[in-house]
Amino acid sequence: MLRLIFGTSTAASAAVMAVFLGGLGFGAFFLGRRADRAENPLRLYAIIEFGIALSAALTPVLTELARMAYVGLGGTLALGTIGGTVVRLLLSTLVLGVPTFLMGGTLPVMARGARSTADVNRRSLGALYGMNTLGAVIGTLAATFVVLEMLGTRATVWAAAVLNVIVAVVALSMSRVASHKRAASSDDVHVPSDVAHSAPAWLVMTAAGIVGFVFLLMELVWYRMLTPLLGGSSYTFGLILAVALLGIGIGGLSYAIFGRRPTTLAFAFTCALEGLLLALPFAFGDRVALFALGERQGAATFGSIVWGWLLVTAAVVFPAAALSGYQFPLLVGLLGKGRKQLGADIGKAYAANSGGAIAGSLAGGFGLIPLLSAPRVWQCAVFLLVGLAVVVAIYSARKGAMLRSAVLVSVPTVIAVACCFALGPTPFWRDSPIGAGRVRLALTDGNAVQRALNMRRLETLWDVDGIESAVSLDRANGISFYVNGKSDGSAIGDAATQVMLGLLGSMLHPDPKRALVIGLGTGETAGWLAQVPSIERVDVYELEPALLRIADACALANQNVLSNPKVHVILGDARELLLTGNTKYDVIASEPSNPYRAGVSSLFTREFYSGVTARLNRSGIFVQWVQAYEVKSDAMRTIVATLHAVFPFVETWELMLNKDLAFVASRDALVHDLSRVRSRAETEPYRTAMSLVWGVGGPEGLYSGMLGNSEFANDFAKSAHTAVNTDDRTYLEFAFARSVGDTAKDLPGEMRQSAINRDHRAPHFVNGALDWNVVEERRLTRAITEAGSLPDVKPTEKFSDARQTARYAYAEGDLGRARAYWVVQKTDPIALGDLRMVAESYAAAGDSSTLQFIEQLRPLEPVEAEALMAVFSNRTNNHNGAVDHLINALTLYRSNPWANRALIERAFDVIGSSVRGDLSGSRRLFAALKEPFAVRALDVSRLQVRSFIGLGPGFEKDCVEALVDLEPNVPWDNVLLQARYQCYEKEQSPLAPKAKRDLEKFLSH
């Protein structure tokens, strides 16, 4: 509930976690002492349970008061400062302080109420601790997979309150049956001298703090590292917590069953063994990712997907968690014996453990993970545990157990440390969308597996663990950035969405001056929006500071957004910033991550949209991005219905055909002034933007993106099963998560056909009308520009079947057929996408007619123009001219990122083959390919082509240079591996042995 006030930032989460753990620790400490003095601990337990029930029932009310206070303070307090942190802590305490304080007291009070008088080693505590934690497992799973979705947040809290009342009534009934006085022997049971206090309190408390620190640190690491493998939805976060709790519960029960005399040596051994069990998944590295991939590929239903998640999580989390669960009752056993001061001892150990956990949470989130990275923190956690094991073992040795201490602790310690020096998780684990079901691999083919491992590692240029997320830069086909293993944007591949999202809002607004963009990403939305002449300021809300590096790397595609004085990037949670700010905007464009990611659906709720309206001027426009893939119609209806609950008018647009939608929402009906749209479409930045990313122009090009008008949205949202997404009932969070990886549904096509059938596609224009047959042609042109699948459009008397067939052929790479069908019809290309198609088709045939089309193409696409001149020159046997033009194209490509990637790759193939025997031309191309292209376009292809040239005849002394940028993860190809080994062997390179091993490994498969 509190995330809906403070957002999902690390600062907010840390404040809530600190209050939660602090409340548990203080409650255990103070109520544990009170339990030792209570004549009837069960009665005290019943009172505590009643208190928990009452405070839980009041939680929604207190949460609303906290929200009102937080929003009220937002206008006067810089929430990113220390003052903001203090406010979060105070308001979190208001909501969580009482219930967590009381919860912390339940274990020591219940343990004190146990009637056993002969439990010298406090093994019954392990049983209580284990059962208590297993109950938490059931609650976590029930809430995650059933109750929260079915009942909502408030009803779930109230249901928990009712359960607490039932427990309280049962405890009260039992307390009346029990004796009102404790048996004297219960506290004064004889404790043999050989089991007297095993360790001083300072040692036990320090150890409890350290293991608490390590466990919470590892919780953060597990969440960060498992997200790419499991998908990062609320389901997977709940499952990770449940498995960790399951391990703790089983560990506690294991102490009750197998625990003997608690000794410091036993504790040292558990620490060393826990360190080893933590280190093993690290040492297995990408094998864990391959295991997760195998489970995901074999899953046919959501239930089987969850089962796969469970197996992966259990393999990584459960063993170490079980050791942690065993340690807590063991530590309490080291503080004392029997029931004497049992409550106080539990309270002290609990408080120390919670204090360490708070420190681990804060240190991991704010310092260690961003500073060292999650894998390095994983290693540090292992070192901390084995270091603690060694220190405690040395203490035990001083007490006369030297040999046993050395043997028991040294073996797991040495193995654990050795495991930490393994390669560990690589980008294949961290940056592959395995959890989203978007990786397919024949796991029985050893070479296919190694090829995938090497390619993912080669494609990842750099990665970093930020404060909020793990971020990596992929350079395979232009800069793409991955957040927690999921691609969240590509400078070129997603430009159609990212560039047009903001420009669509400003194009339709009568006079836009101020704009807000939610999500920086590649920076293209904000950067192009800031080019609009009337725009005076663009604010950008970005949660993860590491995304600034991505935007900087994409400067050539985003109009140098970070250097634009109009653009102001504000770091923080978008929901928090929006709801606590007071600036008004004309256009707000929201482009968060996919709604299935945990916490993201809070940016798609009715309450969030109400906050948006408060920040819009009366004529303001809100543009909401949403994925159109892997989503079912009910979930999309929920988005539209939620927008309609706040905005009376909602239009539906396709930013990228069959992939990305935009809902344009406003409080007043949008006036589609066709003369104004036509005028703007011919001015900058709209003219260039539409040409480059959609391949079209003019109002017909713009409205090729319109899927349905406001009447369509009204009809689409109406359904007996349509629900509104609210802060209390976040349907989307669960609905999107269940359909991740399901690519069978063509929802945009269904929506578009429905709009056409109902005559709800076109807006009501002022000053004229459009020819929608022309609009349909522009839509097909967009499809070949966006490299998407072409929609099935039936020709009409005004729509040429020949042109349609030509576009389909070009999309399939059949240039000869595309040219043949284009020749049949009599019109010249108008839109940029068609011009590119015609120019390349003619150039590939050596048709001199291409020259006029190339010159028309040159002003907007100079890289393509030179590349096509190279193709044409090559086809007309002017090989020297072909090389000259291709080198010109490659030089221009270093500063102009907008060339069509498929066209450039085809030019590579044509020219590369023709100059294979031309040493002079090959050398010039080899040199021209040394520097990367703009925004790393075709970066891996560039390196592969360069290595292909550099390993050929006449380049014997350059072969090492041809391979240097591919090492150590060279493409797993027989020809390349053979040439690589021969090169290194001849040049006596130190890499020759590795090249030989790689080649032998390839041949063995």
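Since we're looking at a predicted model, the values are computed, not measured.

Analysis parameters
Residues numbered from 1 in each chain as written. Predicted model: local features only at pLDDT ≥ 70, side-chain atom pairs only at ≥ 80, totals over all residues. Heavy atoms only, no water. Phe/Tyr/Trp six-rings, centres within 6.5 Å; stacked < 30°, edge-to-face > 60°. Helix = DSSP H or I, 4+ residues; strand = E, 2+ residues; numbered from the N terminus. Buried < 20%, exposed > 50% of the residue type's maximum accessible area, 1.4 Å probe, protein only. Lys NZ or Arg CZ within 6 Å of the ring centre and 35° of its normal. Disulfide = S-S within 2.5 Å. Contact = heavy atoms within 4.5 Å. Core = buried A, V, L, I, M, F, W, Y, C linked by side-chain atoms within 4.5 Å. Salt bridge = Lys/Arg side-chain N within 4 Å of Asp/Glu carboxyl O.

## Focus on the packing of aromatic side chains
- Overall, the coordinates contain 25 aromatic pairs when judged by the stated rule.
- Aromatic pair Trp 378 and Trp 429: ring centres 6.1 Å apart, planes at 80°, arrangement edge-to-face. Remark: Trp 429 occurs in helix H17 (residues 427-430) and Trp 378 occurs in helix H15 (residues 374-398); sequence separation between them is 51 residues.
- According to the relative accessible area criterion, Trp 378 is buried, its value standing at 1%.
- Judged by its relative accessible area of 0%, Trp 429 is buried.
- Geometrically, the ring pair formed by Phe 908 and Phe 933 is tilted, given 6.4 Å between the ring centres and 40° between the ring planes. On the criterion of sequence distance, the pair formed by Phe 908 in helix H38 (residues 901-914) and Phe 933 in the loop between helix H39 (919-928) and helix H40 (939-950) is long-range, its members being 25 residues apart. There is no split in this pair, since Phe 908 and Phe 933 are both buried.
- Residue placement shows Arg 637 over the ring face of Phe 716; its charged tip is 4.5 Å from the ring centre.
- Geometry around Phe 955 places Arg 923 over its ring, the cationic atom sitting 4.7 Å from the centre.

## Brief notes about the state of the cysteines
- Evaluated as defined, the whole model comprises 1 disulfide.
- The partner cysteine of Cys 959 in its disulfide is Cys 983, sulfur to sulfur 2.0 Å. Given an S-S torsion of about 80°, the disulfide between Cys 959 and Cys 983 has right-handed geometry. In this pair, Cys 959 is assigned in helix H41 (residues 959-964) and Cys 983 in helix H42 (residues 974-986), connecting sequence segments 24 residues apart.
- For Cys 959, a relative accessible area of 6% translates into the label buried.
- The buried category is assigned to Cys 983, whose relative accessible area is 4%.
- With no disulfide of its own, Cys 380 lies closest to Cys 420 among cysteine sulfurs, the gap being 8.8 Å.
- Exposure remark for Cys 380: the relative accessible area of 31% places this residue in the partly exposed category.
- Here Cys 419 stays free of any disulfide, with the sulfur of Cys 420 as its closest cysteine sulfur at 7.0 Å.

## Comments concerning the environment of Leu 89
- Relative to the helices and strands, Leu 89 is located in helix H5 (residues 82-112).
- The exposure class assigned to Leu 89 is partly exposed, which follows from its relative accessible area of 32%.
- Each C-alpha atom, one on Leu 89 and one on Ser 675, is 55 Å from the other, the two residues being 586 residues apart in sequence.
- If we ignore the near neighbours within four places in the chain, the residues touching Leu 89 are Ala 15, Ala 18 and Val 19.

## A closer look at the nonpolar core
- Grouped together as the largest cluster of nonpolar side chains are 141 residues, with contacts concentrated most on Trp 222, Leu 229, Phe 267, Trp 378, Met 636 and Phe 647.
- Looking at which element gives the most residues to this core, the answer is helix H9 (residues 201-230), with 18 residues.
- Excluding anything up to four places from it in sequence, Phe 267 contacts Ala 207, Val 211, Gln 327, Leu 330, Leu 331, Leu 334, Leu 388 and Val 392.
- The next biggest cluster of nonpolar side chains, apart from the first, holds 66 residues, and it includes Ile 479, Ala 495, Leu 674 and Val 775.

## Looking at the environment of Glu 682
- Tracing the backbone shows Glu 682 in the loop between helix H25 (674-681) and helix H26 (686-694).
- Those residues in contact with Glu 682 that lie beyond four places of it in its chain are Arg 687 and Gly 698.

## Observations regarding the pattern of salt bridges
- According to the stated counting rule, one finds 42 salt bridges in the structure shown.
- A salt bridge links Arg 606 to Glu 607; its shortest N-O distance comes to 3.7 Å.
- Assessed through its relative accessible area of 26%, Glu 607 is described here as partly exposed.
- Of the charged contacts, one joins Glu 840 and Arg 906 as a salt bridge, the two residues approaching to 2.7 Å between their closest N and O atoms. Placement of the pair is Glu 840 in helix H34 (residues 832-844) and Arg 906 in helix H38, with a sequence separation of 66 residues.
- Judged by its relative accessible area of 22%, Arg 906 is partly exposed.

## A short note on unusual backbone geometry
- Residue Pro 685 is bonded to the preceding Glu 684 through a cis peptide linkage, with omega at 5°.
- In this fold, Pro 685 is placed in the loop between H25 and H26.
- With an omega dihedral of -5°, the bond running from Glu 967 to Pro 968 counts as a cis peptide bond.
- Within the element layout of this structure, Pro 968 appears in the loop between H41 and H42.
- Even without glycine at this site, Asn 560 takes up a positive phi of about 55°.
- Relative to the helices and strands, Asn 560 is located in the loop between helix H21 (547-553) and strand S7 (567-571).
- Residue Asn 560 is classed as partly exposed on the basis of its relative accessible area, which comes to 43%.
- Here Gln 988, not a glycine, exhibits a phi torsion of approximately 55°, which is positive.

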